[in-house]
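# Examining the three-dimensional arrangement
Here is what each chain is made of, one letter per residue.
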Amino acid sequence: MAGVYKLTAALRGHEDDVRAVVFPSPYFVTSVSRDATVRLWKREDSEGTVFSDHINSTGSGFINSVTFILPTEEHPKGLIVSGGQDTIIEVREPDSKDIDDAKYLLLGHTHNVCALDNYAGIIISGSWDGTARVWKGWENQYVLDGHDQGVLAVLVLSETDVVTGSADKTIRIWRNGKTIKKIEGHTDCVRGLCRMPNGGFASCANDGTVRIWSLDGHQLQELHGHTAFIYSVAALPSGEVVSAGEDRTVRIWRDGDCIQTITHPAISVWSVAVCAQNGDIVSGASDRMVRVFSREEKRWADQGALEAFENSVAASTIPSNQVGDVKKDDLPGLEALAQPGKKDGQVIMVRNGETVEAHVWSNAARAWNNVGTVVDAVGSNRKQMFEGKEYDYVFDVDIQEGAPALKLPYNASENPFEAARRFLEANELPISYLDTVGQFIVKNAGGVTLGAQEQSTGPDPWGMENRYRPDAPPPQQAKPKRIPQKSYLSITAANLPTIQSKVNELNKGLLDSGEKDIALNPDEVSALAKLCGSLQAVASPSYKAGAHNTAFSGGLELISKIITKWHSQSRLPGLDLLRLVAAATPLAATYEPINGLKAGDILETSGAFDISHPNNVMLATRTFVNLFQTEEGRDYMDNRFEQTIQLAEKASDGTTNRNLKIAKSTLLLNYAILITSKRAIDRAITLLEPLTNIVKKEIDSETIFRALVGLGTLLTLQKEVKEAALSVYEARQTVTEVEVRIKEPRIKDLATEIRELL
């Protein structure tokens, strides 16, 4: 019979929660964290207990997912694949340095990349954007679009078959990009997936269960034992299952029974992984620690380290709501520990003088282990009631001006980001608020108001990542009107070093393949660096208009080369640069880098609106959006109104690309602002059709929101526009229907404003 797991090493280095871990070799572990680092922990020999720490890369936001590609001839060290908040999947060699370029960048997701896996030459990624993506040869092979909410777990079964798990509570099995099975077993968000060594796969979920499935999706087992959300699951070569979750434990399962429970001195154990070669396991937790455990005594830590780990668990405090109601007078004393437990992981509470202790039964040790002192997190006299339950905190959250504050209940033992998720789901709010609400809970105590934010200094206050949330006004202040909109919107958030790196990577590929005639020459590579530096300078308070015109004109020439001569699938970073230049300088609207053609004309003639490359279309549309930022750009867009609307309508017809939908809606809104300022009635009536079509047919609330603002802005013009909106486009009925369909306060408020105008 296999032995008990004990601590091998506790690895300290991360400065925030460790969100994901992998254990691809006995010689090293890889971990990623909310501190934005990917770390490599190496040991000198496979039996050692001492690991060295190396920061393999640093990102621009939380890094939440990681997988490791085993060594190949091309990459003898293997490759680390990581993803997170910045939506970019980076592929790097172990022992990389921050200054090194990533080997590959996988672009396509539009929100946090929260899950990664690879097998048989296939990479799969899952994201809060509601999709999974299958990658082969560093190119996107399929976009798996079928879940109703974020894809939180992914798994590759073979070259053709993959599995996804979602916040919509379902699991889907896909073959060659198509759903072949939808599984509805779990009753809450599916958080983790893993391959089973003898075929099939396992899943875990917020419903507190681990489930084992056959390859064709039939449930074989259901494992109960965790007392809270389960975030991660892995399988040992023996067929045993390992799971980790919000109840602070890692649990090992054999034949449906929990045979060992390893309690951690943390709020959450986010991730667990196994080493296939030796059966060791690694965990990553909210206390910023990576821990390695082994069944082999020769790989156990020394007695001092083992005792220190046990003492840290025993010294941790457990808020009473995590283990149930505590009535101290009714609890047994220490004598209760003389009776053996009924199953591994069983928790009992006992009185020890004036304190209450929680003890967990270990089948392996045949003993009760002290796992902490039970306390009221903030004292029983400060508990607050919400919907019949007691909470340590009940925050007032102002999501929208003029609306009543929403209540956010939170217990100190909870993971704040799970409390935030529950709050957003209960109030039907966008998941894009998750980090903001979670960070608010982390930083505040005592019922502080959320929503009073500094005025945005960024380029897009309605943003792709930050929904528009105005400062909370005094109670007597009237609700502000959103209509008419008078300031033009832009979409300029970007990671310039990553864009520059991608251009250089693609350019190297052209040189290596002998396509020197279209590759950038050294002078153009230098111009690229100057352009990125100038775009970075635009955000500086000391920036002076016109100071970087040389860099911008040179940059427009090299961008024109990329988007006209490079292969269509390689033009994305060039289009991204053009989008940024369009907002930064009037030259984007006046300079003619190719045969008398301006930037917008080049977009149209170069094939940037080819619908077979939707991300190219999306960035081209964003470029048109950003041209409204300068007077010269507005004049240019005014002169090409009809052809731009036709181009955008045709290229976006039937698209499922959310970013493209939002870009198009923003383009129409900017045109509505321009048309209203010029009081161009005929054009206003022309614009009514595409705006009302969005409101009638779209399901994405951000796309609808921008279209409604555009529609309302047009309705502030003369009665001819209102009459056309009512008689031709049934505007009153349309806004009433969307208010019912999209249950968001901001949509309701806009619908009310528009009905008042009509």
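Counting of residues starts from 1 at the beginning of each chain's written sequence and follows it residue by residue. For this predicted model, a pLDDT threshold of at least 70 governs which residues receive local features, and a threshold of 80 or more governs which side-chain atom pairs are given and counted, while totals over whole chains, interfaces and linings are taken from all residues. Hydrogen atoms and water are omitted, and side-chain values are computed over all heavy atoms in the structure.

An unreviewed UniProt entry lists the protein under the name WD40-repeat-containing domain protein, with Tuber borchii as the source organism. UniProt positions are given in the numbering used here, feature names are shortened, and annotations may be inferred rather than shown by experiment. The Subcellular location (unreviewed entry) comment attached to the protein in UniProt states, word for word, "Cytoplasm".

### Some details on the overall build of the protein
By definition, any uninterrupted DSSP run of H or I lasting at least four residues is a helix, any uninterrupted run of E lasting at least two residues is a strand, and each is numbered from the N terminus. Summing up its helical and strand segments, the protein has 18 helices and 36 strands in all. With a 1.4 Å probe rolled over the protein chains alone, any residue whose accessible area is under 20% of its type maximum counts as buried; one over 50% counts as exposed, and the rest are partly exposed. Buried residues in the protein amount to 56% of all 758 residues. Pairs at least 24 residues apart make up 54% of the contacts formed inside the protein by residues separated by at least 6 positions. Each accessible area is a Shrake-Rupley estimate made with a 1.4 Å probe; only the visible protein chains count as cover when residues are assessed. Total accessible area on the protein stands at roughly 32200 Å², and carbon and sulfur atoms take up 48% of it. Should any heavy atoms of two residues lie within 4.5 Å, those residues are considered in contact.

### Thoughts on empty space enclosed by the protein
Using only the protein atoms, space was sampled on a 1 Å grid; points where a 1.4 Å probe fits but cannot get out form cavities, open sets with protein on both sides within 12 Å along at least five of seven lines form pockets, and lining residues are those with an atom within 4 Å of a point. Grid points are joined across faces, edges and corners, and a volume is the space filled by probe spheres set on the points. The tally for this structure, following the rule as stated, stands at four cavities of 30 Å³ or more. Its boundaries defined by the atoms lining it, the second largest cavity holds a volume of some 80 Å³. Taken together, S57, T58, G59, F62, I63, S82, G83, G84, D86, I88 and E90 make up the full set of residues lining the second largest cavity. Counting only elements with at least two residues in the lining of the second largest cavity, the list comes to strand 5 (51-58) and strand 7 (79-84). The element contributing the most residues to the lining of the second largest cavity is strand 7, with three residues. Each residue gets one label: Ala, Val, Leu, Ile, Met, Phe, Trp, Tyr, Cys and Pro are nonpolar, Asp, Glu, Lys and Arg are charged, and the others, such as Gly, are polar. Residues belonging to the lining of the second largest cavity are distributed by class as follows: three nonpolar, six polar and two charged.

### Observations concerning the pattern of salt bridges
We define a salt bridge as a contact between a side-chain nitrogen of Lys or Arg and a carboxyl oxygen of Asp or Glu at a distance within 4 Å. Within this structure, the stated rule accounts for 29 salt bridges. Residue D207 is joined to R211 by a salt bridge in which the shortest nitrogen-to-oxygen separation is 3.4 Å. The salt bridge involving K502 is made with E505; its shortest N-O contact spans 3.4 Å. Here E505 and K502 lie together in helix 4 (residues 496-512), a separation of three residues that amounts to about one turn. The buried category is assigned to K502, whose relative accessible area is 11%. Shared partners join several salt bridges into a network, and the residues in it are D638, E642, K678 and R683.

### Description of the nonpolar core
Core analysis: the largest hydrophobic core is formed by 92 residues, its most contacted members being L577 and L687. By residue number, the principal contributor to this core is helix 13 (residues 658-678), which donates nine residues. In this view, L577 contacts L496, I499, V503, L528, L531, C532, L535 and I559; residues no more than four positions away in its chain are not counted. Core analysis: the next-biggest nonpolar cluster, separate from the first, contains 24 residues, L7, A244, I262 and L331 among them. We call a set of buried residues a nonpolar core when its members are Ala, Val, Leu, Ile, Met, Phe, Trp, Tyr or Cys and they connect through side-chain atoms within 4.5 Å of each other.

### Focus: the sheet that holds strand 19 (residues 201-205)
Two strands are said to pair when DSSP picks up at least two bridges between them. The four strands are arranged 18-19-20-21 in an open sheet whose pairing can be described as antiparallel. Because the sheet does not close on itself, it has two edges, and the strands there are strand 18 (190-195) and strand 21 (219-224). On average, adjacent strands in this sheet sit at an angle of 20° to one another, irrespective of strand direction. Bridge count for strand 18 against strand 19 is five bridges, and the pairing is antiparallel. Pairing of C194 across the sheet is with A202, part of strand 19. What counts as an axis is a line fitted to C-alpha atoms, over the stretch in contact for a helix, and the angles between N-to-C directions run from 0 to 180 degrees.

### Digging into the environment of L577
By the secondary structure assignment, L577 is in helix 7 (residues 572-584). Between the C-alpha atoms of L577 and I499, which are 78 residues apart in sequence, the distance is 7.7 Å.

### Quick look at unusual backbone geometry
A positive phi angle, near 75°, is found at A36, a position not held by glycine. With respect to the helices and strands, the residue A36 is situated in the loop between strand 3 (28-33) and strand 4 (37-43). Residue classification places A36 among the buried positions, given a relative accessible area of 9%. Even without being glycine, R679 reaches a positive phi, approximately 55°.

### So, helix 15 (residues 701-714)
Here helix 15 is 14 residues long and its end C-alpha atoms lie 20 Å apart, about the 20 Å a rise of 1.5 Å per residue gives. In terms of burial, helix 15 is largely enclosed, as 14 of its 14 residues are buried. For a helix, the expected span equals 1.5 Å multiplied by the residue count minus one.

### Observations regarding the pairing of strand 30 (residues 347-352)
Strand direction decides the pairing type here: strand 30 and strand 31 (residues 355-362), joined by six bridges, are antiparallel. Bridge pairing links V347 to V360 in strand 31.

### Some details on helix 17 (residues 731-741)
Along helix 17, the residues classified as buried are A731, T734, V735, V738 and E739. Here the buried residues of helix 17 occupy an arc of 135° about the axis, which is enough to place them on one side. Looking at the buried side of helix 17, the elements it contacts are helix 14 (681-697), helix 15, helix 16 (719-727) and helix 18 (745-757). Read the arc as the range of directions from the helix axis to the C-beta atoms.

### A closer look at the side chain of H186
Positionally, H186 belongs in the loop between strand 17 (178-183) and strand 18. By relative accessible area, H186 is classed as buried at 4%. Two N or O atoms form a polar contact when they lie within 3.5 Å of each other; inside protein one atom must be a possible hydrogen donor and the other a possible acceptor, and for residues adjacent in sequence the pair counts only when both atoms belong to side chains. At 2.7 Å, the side chain of H186 and the side chain of S203 are in polar contact. In this structure the side chain of H186 is engaged in a polar contact, spanning 3.3 Å, whose partner is the side chain of T209. Setting aside residues up to four positions removed in sequence, H186 forms contacts with K169, I171, S203, C204, A205, D207, T209 and R211.

### Considerations on the packing of helix 13 against helix 15
Running from amino to carboxyl end, helix 13 crosses helix 15 at an angle of 10°, the nearest separation of the two axes being 8 Å. As far as their axial angle goes, helix 15 and helix 13 are roughly parallel. Two packed elements cross with a definite hand, and for helix 13 against helix 15 that hand is left-handed. Contact residues: R658, K661, I662, S665, T666, L669, A672, I673, I675 and T676 in helix 13; E702, T703, R706, A707, V709, G710, T713 and L714 in helix 15. Among the residues making up the contact of helix 13 with helix 15, the classes are represented as eight nonpolar, six polar and four charged. Roughly parallel covers angles under 35 degrees, roughly antiparallel covers those over 145, roughly perpendicular covers 65 to 115, and oblique covers all other angles. Each crossing gets its hand from how the near helix is turned against the far one by less than a right angle, where anticlockwise is left-handed and clockwise is right-handed.

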